[in-house]
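Each chain is listed here by its residues.
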Amino acid sequence: MEKIRQRLAGWKGQLLNRAGRLTLVSSVLFSMPIYHLTISPLAKWARKKIDKIWQSFLWKGEDNAHRGHCLVNWPTVSRPKDLRGLGVLNLEKFSRALRLRWLWQEWTDSSKPWEGLQVPCNKLDRLLFQASTTVTIGSGVQAKFWHHSWLDGEAPRNLAPLLFELVRRKNKSVAQELTNLDWIQSLRRKITTTTQVEEFVSLWIRIQQVSLQQDVEDTLVWKCTQDELYSSSSAYRAQFLGSYSSHKISLIWRARAENKCKFFVWMLIQNKLLTVDNLAHRGCPHHPACTLCNGPLESGLHLCLTCPFAQEVWGRVLTWENFPLPQQADLNSISSIREWWEKTETLFPKDRTRAFNIVVIYTMWNLWRAQSKNLRTLLVVTDPGRRESEGMCFAI
């Protein structure tokens, strides 16, 4: 942690925009603890402190930010971009993905000098490894009977969890348990309930179809890649299985626009910009109306889409760029910018969608700049003394 702080001390974080600081966090700062993460997991308190340092630098440019500076929570930031995050690696999940290499090499490479020693993997690491691999049985010498996924792609401990609790020696190999039906001997006089009987019968029927081949080695297949080989990136992504995003994130990140503008639109889609409605929610001083049209309380949707000033800007910009105008009558039924963006994009042919997305990003960016400029001018005219105290609330 001290090395990370020393590295930050040489950077002028406040002179960089958030997109630049995001690049430094993702590429430079995150590379520093990788060697340690490969060997052993970080303590929970250490992960929190490192995450706090990175979070502070991203949102403030220093290492002393508080919760008010952090506009989006860190669990959201540390998700892949296609899952509504910023692509900053989750320290705990990435550490686990790196440690799975020990378990993979324990199977595939017997020439390692640490062969036969205890690898630095905890219970959760092993469970993830078992869920991500499939074992093809040969001689059954290497595969663990209860732990490895050798029985129709499943581990017996998952097929019969109640029986697994009854067994005392849980690390015996497939060959040891199938020889003379030792797995049945280990359960003798321990099965007492109908559920345990059902699990036993189901497991016994599956095992009857297995035959060992004495001269063939057990093989391990990684299920998360096409080449069936382990990679840390696939192990990391496997920990997000079941997650989804309701946003079409490719609209933002595949557009050929400046990173600072894409970062801004990402925050706008998250509804985390410091617009008037969010400032009011935080209890911060704010202007009572939209500074562009003097209309209702300003929100991200109003500022960039439904404001009369914004509609006039959209009409002119889309005309200049030779895009057919979307139907303005539908704007009142739109509940979010994302909804409007995704619907409007479908009005154009595929070879024009990328250009349209660029226009959307830069138009929203300049509408925000126009609002900020008007607000600063208004503060100077009405109350010059409040400019310094309120200006920080509207900075990008």
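No experiment lies behind these values; they were computed from the predicted model shown. (Residues numbered from 1 in each chain as written. Predicted model: local features only at pLDDT ≥ 70, side-chain atom pairs only at ≥ 80, totals over all residues. Heavy atoms only, no water.)

**Comments concerning the overall build of the chain**
Then, in step 1: When helices and strands are tallied, the chain shows 21 helices and 2 strands.
Then, in step 2: For 396 residues, the compact-globule estimate of 2.2 N^0.38 gives 21 Å, and the chain exceeds it by more than 25% at 29 Å.
Then, in step 3: A principal-axis box enclosing the C-alpha atoms of the chain has dimensions of 90 × 50 × 40 Å.
Then, in step 4: For the chain, contacts bridging at least 24 residues in sequence account for 64% of all contacts bridging at least 6. (Helix = DSSP H or I, 4+ residues; strand = E, 2+ residues; numbered from the N terminus. Rg over C-alpha atoms; globule rule 2.2 N^0.38 Å. Contact = heavy atoms within 4.5 Å.)

**Re a nonpolar patch on the surface**
Then, in step 1: Together, V197, V201, W204 and I205 make up a nonpolar patch on the protein surface, roughly 340 Å² of accessible area in all.
Then, in step 2: For V197, the location among the structural elements is in helix α12 (residues 194-207).
Then, in step 3: Looking at V197, the relative accessible area reads 42%, which means it is partly exposed. (Patch = residues over 30% accessible without salt bridge, like charges linked within 9 Å, V, L, I, M, F, W, Y side chains within 5 Å. Areas by Shrake-Rupley, 256 points an atom, 1.4 Å probe, with all protein chains shown as cover. Salt bridge = Lys/Arg side-chain N within 4 Å of Asp/Glu carboxyl O. Buried < 20%, exposed > 50% of the residue type's maximum accessible area, 1.4 Å probe, protein only.)

**Description of helix α4 (residues 44-60)**
Then, in step 1: Helix length check: α4, at 17 residues, gives a terminal C-alpha distance of 24 Å against a target of 24 Å (1.5 Å per residue), a fit within 8%.
Then, in step 2: Along α4, the residues classified as buried are A46, R47, I50, D51, I53, W54, Q55, S56, F57, L58 and W59.
Then, in step 3: One or two steps after α4, the chain reaches G61, where phi turns positive at roughly 90°. (Expected span 1.5 Å × (residues − 1).)

**Some thoughts on the environment of L22**
Then, in step 1: Among the secondary structure elements, L22 is positioned in helix α2 (residues 18-27).
Then, in step 2: Assessed through its relative accessible area of 10%, L22 is described here as buried.
Then, in step 3: Here the alpha-carbon distance between L22 and N259, two residues 237 residues apart in the chain, equals 9.7 Å.
Then, in step 4: Setting aside anything within four residues of it in sequence, one finds L22 in contact with L58, L86, V88 and F263.

**Topic: the packing of helix α15 (residues 259-269) against helix α19 (residues 337-345)**
Then, in step 1: Running from amino to carboxyl end, α15 crosses α19 at an angle of 115°, the nearest separation of the two axes being 9 Å. Note on element contacts: α19 touches α15 through I337, R338 and W341, opposite V265, L268 and I269.
Then, in step 2: Here the residues of the contact of α15 with α19 are counted per class, giving 5 nonpolar, no polar and 1 charged. (Axes fitted to C-alpha atoms, helices over the stretch in contact; angles between N-to-C directions. Nonpolar A, V, L, I, M, F, W, Y, C, P; charged D, E, K, R; others polar.)

**Structural notes on empty space enclosed by the protein**
Then, in step 1: Overall, the coordinates contain 2 cavities of 30 Å³ or more when judged by the stated rule.
Then, in step 2: Breaking the lining of the largest cavity down by element, the ones donating at least two residues are α14 (250-253) and α19.
Then, in step 3: Per element, the largest residue contribution to the lining of the largest cavity is 3 residues, and it comes from α19.
Then, in step 4: The class makeup of the residues in the lining of the largest cavity is 5 nonpolar, 1 polar and 3 charged. (1 Å grid on protein atoms, 1.4 Å probe; cavity = no way out; pocket = protein on both sides within 12 Å on 5 of 7 lines; lining within 4 Å. Points joined across faces, edges and corners; volume = space filled by probe spheres on them.)

**Focus: the pattern of salt bridges**
Then, in step 1: Applying the stated criterion to the full structure yields 12 salt bridges.
Then, in step 2: Put simply, R316 and E312 hold a salt bridge, and the shortest N to O gap is 3.0 Å. Within this pair, R316 and its partner E312 are both found in helix α18 (residues 308-320), separated by 4 residues, close to a single helical turn.
Then, in step 3: The residue E339 makes a salt bridge to K343 at a minimum N-O spacing of 3.1 Å. Of this pair, E339 and K343 both sit in helix α19, 4 residues apart, which is roughly one turn of the helix.

**Quick notes on the nonpolar core**
Then, in step 1: W54, W59 and W341 are the most contacted members of the largest nonpolar core, which totals 101 residues.
Then, in step 2: Once you skip the residues sitting within four places of it in the chain, W54 turns out to touch I4, V25, L29, F30, P33, W74 and L91. (Core = buried A, V, L, I, M, F, W, Y, C linked by side-chain atoms within 4.5 Å.)

**Concerning helix α6 (residues 91-108)**
For an α-helix, 3.6 residues make a turn, and residues three or four places apart therefore share a direction.
Then, in step 1: Its 18 residues give α6 an end-to-end C-alpha distance of 27 Å, which sits within 8% of 26 Å, the value for a rise of 1.5 Å per residue.
Then, in step 2: Within α6 the residues assigned to the buried category are L91, F94, S95, R96, A97, L98, R99, L100, L103, W104, Q105 and W107.
Then, in step 3: Turning to α6, the residues buried within the fold contact α3 (34-39), α4, α7 (123-132), β1 (133-136), β2 (219-222) and α13 (232-238).
Then, in step 4: You can read the cap of α6 off the contacts: a side-chain oxygen lies 3.1 Å from the backbone nitrogen of E92, and it is on N90. (Polar contact = N/O pair within 3.5 Å; in protein donor to acceptor, adjacent residues only side chain to side chain.)

**Quick notes on the packing of aromatic side chains**
Then, in step 1: All chains considered together, the criterion is met by 20 aromatic pairs.
Then, in step 2: Measuring from ring centre to ring centre gives 5.4 Å for F145 and W150, while their planes differ by 50°; the resulting arrangement is tilted.
Then, in step 3: Judged by relative accessible area, which is 0%, F145 ranks as buried.
Then, in step 4: Among the aromatic residues, those joined into a cluster by ring pairs are F145, W146, W150, F164, W183 and F200. (Phe/Tyr/Trp six-rings, centres within 6.5 Å; stacked < 30°, edge-to-face > 60°.)

**Quick notes on the confidence of the model for the chain**
Then, in step 1: Here the chain averages 83 in pLDDT, and 91% of its residues register 70 or above.
Then, in step 2: Per-element mean pLDDT across the chain ranges from 43 in helix α21 (residues 387-391) up to 93 in α13.
Then, in step 3: Predicted confidence for residues 379-396 stays below pLDDT 50, and this span has 22 contacts to residues more than four positions away or in other chains. (pLDDT = per-residue confidence, 0-100.)

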